[in-house]
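Observations on the three-dimensional arrangement
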Amino acid sequence: WRGVVASACEQCGRATVPTVDAPLPLSAALQGLGDAGIRLLLDPQGEQAVRTLELPTPAACLAVGPEG
C-alpha cells in the first residue's frame, strides 16, 4: 500500500507522502484515536454533505472505505 500511496502522490503532484499504517479491525482503530475531535464516516448514500457540517472543533477523524 505504501507503494500505491507514493505513486498516487507522484501522479497528483503531492510533495509529501502520508504514512500508511497496518490495517486494524475497526473497533481497534476507533479505540486508538483517543481525543481526535469529531469522527466522521463517509457514506455515499448519506443524507448530509461534509461541506454543510458545522464542525465544533478543528480536529477531526475522517474514515473512508476502500473505494474512497
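Everything here concerns the structure above.
This report concerns the structure included in the present document. (Residues numbered from 1 in each chain as written. Predicted model: local features only at pLDDT ≥ 70, side-chain atom pairs only at ≥ 80, totals over all residues. Heavy atoms only, no water.)

**Examining the overall build of the chain**
Looking only at helices and strands, the chain features two helices and two strands. Starting at the N terminus and walking to the C terminus, you meet the elements of the chain as α-α-β-β. For 68 residues, the compact-globule estimate of 2.2 N^0.38 gives 11 Å, and the C-alpha radius of gyration of the chain, at 14 Å, exceeds that figure by more than 25%. Summarising its shape, the C-alpha atoms of the chain cover approximately 35 × 25 × 25 Å along the three principal directions. Here the chain, with 68 residues, has 4% of them falling under the buried criterion. When contacts within the chain are restricted to residue pairs at least 6 apart in sequence, long-range pairs at least 24 apart make up 9% of them. Roughly 6,100 Å² of accessible area belongs to the chain as shown, and the carbon and sulfur atoms make up 56% of that amount. (Helix = DSSP H or I, 4+ residues; strand = E, 2+ residues; numbered from the N terminus. Rg over C-alpha atoms; globule rule 2.2 N^0.38 Å. Buried < 20%, exposed > 50% of the residue type's maximum accessible area, 1.4 Å probe, protein only. Contact = heavy atoms within 4.5 Å. Areas by Shrake-Rupley, 256 points an atom, 1.4 Å probe, with all protein chains shown as cover.)

**Some details on the environment of G32**
Within the secondary structure, G32 is located in the loop between α2 (26-31) and β1 (38-41). The exposure class assigned to G32 is exposed, which follows from its relative accessible area of 66%. Put simply, G32 and D21 are 11 residues apart on the chain and 12 Å apart in space, counted from C-alpha to C-alpha.

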